[in-house]
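Reading the structure
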Amino acid sequence: MDDLVIGIDLGTTNSCVSLYTEGKTKILENAFDGRITPSFIYFSPDGEIVIGEHGVKMSVHKPENGIYEMKRLVGRQFDDPELQKSLKYFPFKVTASPSNLPLVSVKQKSAICKKSPQELYTVLLKALKKYTEAKLEETINKAVITVPAYFNVAQKEVTLEAAKDAGFTVLKLLNEPTAAALVYYFENDTDKTHRSLVYDLGGGTFDVAVLEKRFENIQVLCVAGDTQLGGHDIDTCLLNYVYRILRTQYGYDPEASSDDKRRLRLKCEDAKKELSTVESTVITINGMVSKHPKIKISLTKDEFEAMTDHLFKKTIDILDECLRSSKISKRSIQEIILCGGSTRIPKIQKLVSDYFDGKQLNKFVNTSECVAEGAALQAAMLSTNRKQKIDELRIVNVLPLSIGTWGHSLCHDMSFLIKRGTKLPTSVTHVFVNTETDETTFTFDIYEGERLDLRKNRYLGTVLLTDVESAAPFQKK
Ligand code: ADP
Ligand code: MG
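On a predicted model such as this, the values are computed, not experimentally measured, just so you know. (Residues numbered from 1 in each chain as written. Chains lettered and ligands numbered in written order. Predicted model: local features only at pLDDT ≥ 70, side-chain atom pairs only at ≥ 80, totals over all residues. Heavy atoms only, no water.)

Details of the site of ligand 1
We count it as follows: Residues are classed as near a molecule or strand on a simple rule: at least one heavy atom within 4 Å of it. Whenever a nitrogen or oxygen atom comes within 3.5 Å of another N or O atom, the pair is scored as a polar contact, on the condition that within protein one atom can donate a hydrogen and the other can accept it, and that pairs from neighbouring residues in sequence are kept only if both atoms are in side chains. Where accessible areas are quoted, they stem from the Shrake-Rupley method and a 1.4 Å probe; at the residue level, only the protein chains shown are allowed to cover.
As a matter of local geometry, ligand 1 sits amid 17 residues, with Asn14, Gly203, Glu269, Lys272 and Ser276 nearest to it. Note that an oxygen atom of ligand 1 is positioned 2.6 Å from one of the side-chain N or O atoms of glutamate 269. Note that an oxygen atom of ligand 1 is positioned 2.8 Å from one of the backbone N or O atoms of glycine 341. For ligand 1, the accessible surface in isolation is 580 Å², of which the surrounding protein chains cover 89%.

Following this line, the structure appears as structure tokens:
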């Protein structure tokens with residue numbers, strides 16, 4: 001029988017694998033019965049590689065060997081300002097390769113080994129493949145993998161290469177919000193035109209998308225987001241608060257020790273999660289400050305919300321801008337689907353609902369698993385295995401980032417050829433002026449991004465046109 005195709009949500013913080021067979025999707029647990037696997041790799045000093053929850057626990061006393069949030073490094077140059085921001089808090093070491101790409105350094109068996117984000121992704125994907133094969137008791141080689149709607153070409157390429165190295169043929173890279181919407185549309189089959197908004201706030205990225213379903217077609221109307229905004233940044237706000245208290249009230253600077261920094265970050269994350277269900281919590285710090293063996297810092301939900309409000313509002317601003325720039329009215333949205341672990345925060349739910357004038361939010365889609373489930377649905381649509389037979393929905397996407405070239409050879413303005421948000425596939429006509437009249441070849445560089453200064457956008461490649469008719473004969477006339 002033909003191969004089964006699985007769906008993988010390769011998240012910044014957590015990854016999840018799902019399979020659609022015999023009419024339903026199921027989550028495939030990892031070797032430790034976990035439905036989600038932290039995207040975490042621990043390189044133990046004696047040479048072992050431990051993935052997921054166990055890796056997180058083992059790294060507490062050797063944080064410099066616990067690698068996480070690789071997704072923040074993927075497809076970026078070392079000097080990318082966004083990447084540099086992440087380096088400030090990573091307990092592990094990241095250096096630049098000769099070609100200016102980031103390399104993570106870990107010490108194993110007293111030797112330093114350097115891993116590219118792609119290699120780290122491969123390690124993680126290999127582990128997910130192994131768990132899945134053990135669960136299904138068969139070899140799995142084909143997958144659909146989800147990526148943030150906002151990922152650029154380089155980030156997608158690294159994802160594809162890493163999956164190939166892990167032994168996967170990737171049938172499609174699916175946008176995370178589209179995956180979440182697929183789950184909704186499968187559970188709520190309607191022939192009427194239906195618009196939904198997906199608000200996905202995970203650990204490291206924020207994605208928003210508006211999708212419209214008409215019969216069997218799903219059209220992505222707009223996407224927006226921030227690849228550096230998520231639960232991690234919320235934890236950082238709490239962490240800064242704890243640092244301030246330790247410094248001012250206890251005369252202790254935790255930032256000097258990466259061990260302490262990591263321990264405190266995990267405690268802050270726990271406190272944040274608790275505050276999603278209770279009104280106040282206490283962060284207990286044992287044995288860190290010698291004169292104060294037991295420190296207790298209490299925190300109320302109101303204090304937490306005041307500290308993090310600017311981040312929550314930022315997501316609403318992005319959402320608002322996304323709707324405005326695409327001229328989509330709030331009222332035309334029929335369903336609001338929340339996904340990503342951070343949407344469990346009640347204040348976020350309230351802000352989103354308030355933005356839509358008090359509209360009810362969809363509570364039926366599982367915020368942590370829906371992206372993987374959507375990937376599994378898409379995988380089934382692409383599968384030829386008869387156990388995965390499913391009604392096909394056609395997904396039409398939009399370009400997430402504008403494409404352009406040099407506007408004029410003497411300045412650095414970007415000339416936008418295809419604007420972000422354009423329905424795909426698309427075609428464009430552009431007239432290039434060649435100053436060298438007798439040349440029969442012509443090259444132009446292609447960039448991706450929204451900045452007017454082309455040098456601040458991402459270079460994608462150079463197009464070479466040959467056999468161009470020389471203008472020289474016309475000039476002589
Ligand atoms: P990603 O898509 O980045 O892999 P997830 O969707 O799994 O991430 O979300 C992970 C984030 O959700 C983490 O920052 C985690 O702290 C946060 N999170 C999980 N549960 C809760 C909760 N109950 N309250 C607040 N935040 C939560
Ligand atoms: Mg996610």
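With respect to empty space enclosed by the protein
Filter applied, for reference: Points on a 1 Å grid, built from protein atoms alone, make a cavity when a 1.4 Å probe fits but cannot get out and make a pocket when they are open with protein on both sides within 12 Å along at least 5 of 7 lines; residues with an atom within 4 Å of a point are the lining residues. Grid points are joined across faces, edges and corners, and a volume is the space filled by probe spheres set on the points. Numbering of helices and strands runs from the N terminus; a helix is a DSSP stretch of H or I covering at least four residues, while a strand is a stretch of E covering at least two. Amino acids outside the nonpolar list (Ala, Val, Leu, Ile, Met, Phe, Trp, Tyr, Cys, Pro) and the charged list (Asp, Glu, Lys, Arg) are all regarded as polar, and Gly is one of them.
Under the criterion given, the structure shown has two cavities of 30 Å³ or more. The space that makes up the largest cavity amounts to roughly 60 Å³. Considering the residues around the largest cavity, the lining is formed by Ser15, Cys16, Val17, Leu28, Glu29, Asn30, Gly34, Arg35, Thr37, Leu128, Tyr131 and Thr132. Residue assignment for the lining of the largest cavity shows that the elements contributing at least two residues are strand 2 (14-21) and helix 3 (117-136). Across the lining of the largest cavity, the residue classes tally to five nonpolar, five polar and two charged. Contributing to the lining of the second largest cavity are Thr12, Lys71, Arg72, Arg76, Phe151, Gln155, Thr205 and Thr227. Here the lining of the second largest cavity is composed, by residue class, of one nonpolar, four polar and three charged.

With respect to the pattern of salt bridges
Formally: We define a salt bridge as a contact between a side-chain nitrogen of Lys or Arg and a carboxyl oxygen of Asp or Glu at a distance within 4 Å. Relative accessible area decides the class of each residue, using a 1.4 Å probe on protein chains only: under 20% of the type maximum gives buried, over 50% gives exposed, and in between gives partly exposed.
By the definition in use, this model includes 24 salt bridges. As a salt-bridge pair, lysine 71 and glutamate 176 come within 2.8 Å of each other at their nearest N and O atoms. One end of the pair, lysine 71, is in the loop between strand 7 (66-68) and helix 2 (81-87); the other, glutamate 176, is in helix 5 (residues 176-187), and 105 residues separate them in sequence. You'll find lysine 71 and glutamate 176 in the same group, each marked buried. Its salt-bridge partner being aspartate 354, residue lysine 350 comes within 2.7 Å of it at the nearest N-O pair. Of the two residues, lysine 350 and aspartate 354 are both situated in helix 9 (residues 346-355); the distance of four residues between them amounts to about one turn of the helix. Relative accessible area serves as the criterion here: at 39%, aspartate 354 is assigned to the partly exposed category. Each of Glu29, Arg35, Lys135 and Glu369 takes part in one network of salt bridges that share partners.

Looking at the packing of helix 5 against helix 10 (residues 370-382)
Our working rule: To define axes, lines are fitted to C-alpha atoms, for helices over the stretch in contact only, and angles between the resulting N-to-C directions are given on a 0 to 180 degree scale. Each angle receives one of four descriptions, namely roughly parallel if under 35 degrees, roughly antiparallel if over 145, roughly perpendicular if within 65 to 115, and oblique otherwise. In what follows, a contact means two residues having at least one pair of non-hydrogen atoms within 4.5 Å.
Closest axis-to-axis distance for the helix 5/helix 10 pair is 7 Å, and the angle between their directions is 75 degrees. Here helix 10 runs roughly perpendicular to helix 5, going by the angle between their axes. Between helix 5, through Glu176, Ala179, Ala180, Leu182, Val183 and Phe186, and helix 10, the contact on the second element is made entirely by Cys370, Val371, Glu373, Gly374, Ala375, Leu377, Gln378 and Met381. A class-by-class count of the residues in the contact of helix 5 with helix 10 yields ten nonpolar, two polar and two charged.

So, the sheet that holds strand 6 (residues 49-51)
Let me state the cut-off plainly: Two strands pair under a simple rule: DSSP has to find at least two bridges between them.
The antiparallel open sheet is built from three strands, whose spatial order is 6-5-7. Unpaired on one side and paired on the other, strand 6 and strand 7 mark the two borders of the sheet. Averaged over all pairs of adjacent strands, the angle between their axes in this sheet comes to 20 degrees, without regard to strand direction. With three bridges connecting them, strand 5 (residues 40-43) and strand 7 associate as antiparallel partners. By the bridge assignment, tyrosine 42 is partnered in strand 7 with glycine 66.

Focus: the layout of surface pockets
There is about 1,400 Å³ of room inside the largest pocket. Forming the walls of the largest pocket are 43 residues, and the residues nearest its centre are Arg76, Asp80, Glu82, Thr227 and Arg458. Of all the elements in the fold, those that place two or more residues in the lining of the largest pocket are helix 2, helix 4 (153-165), strand 15 (217-226), helix 6 (231-250), helix 8 (301-325) and strand 23 (458-465). Looking at side-chain class alone, the lining of the largest pocket contains 14 nonpolar, 14 polar and 15 charged residues. Of the volumes computed, that of the second largest pocket is approximately 1,200 Å³. Among the secondary structure elements, those contributing two or more residues to the lining of the second largest pocket are strand 2, helix 1 (52-58), helix 6 and helix 7 (258-274). The dominant element in the lining of the second largest pocket, judged by the number of residues it contributes, is helix 7, at nine residues. The residue makeup of the lining of the second largest pocket, split by class, is eleven nonpolar, 18 polar and 16 charged.

Side note on the packing of aromatic side chains
Here is the rule we go by: Aromatic rings from Phe, Tyr and Trp, taking only the six-membered ring of Trp, are treated as a pair when their centres fall within 6.5 Å; an angle between ring planes under 30 degrees marks them as stacked, one over 60 as edge-to-face, and anything in between as tilted. Each ring is checked for a lysine NZ or an arginine CZ that lies within 6 Å of its centre and within 35 degrees of its normal; such an atom marks a charge sitting over the ring.
Counting across every chain of the model gives eleven aromatic pairs. With a centroid separation of 5.0 Å and 75 degrees between ring planes, the pair formed by tyrosine 89 and phenylalanine 90 is classed as edge-to-face. The exposure classification of tyrosine 89 matches that of phenylalanine 90, with both residues buried. Judged by centre distance (5.5 Å) and plane angle (65 degrees), the ring pair of tyrosine 184 and tyrosine 185 falls under edge-to-face. Members of the aromatic cluster, connected to one another through ring pairs, are Phe40, Tyr68, Tyr89, Phe90 and Phe92. When the ring centre of phenylalanine 168 is taken as origin, the NZ or CZ atom of lysine 129, which lies over that ring, is 5.9 Å away.

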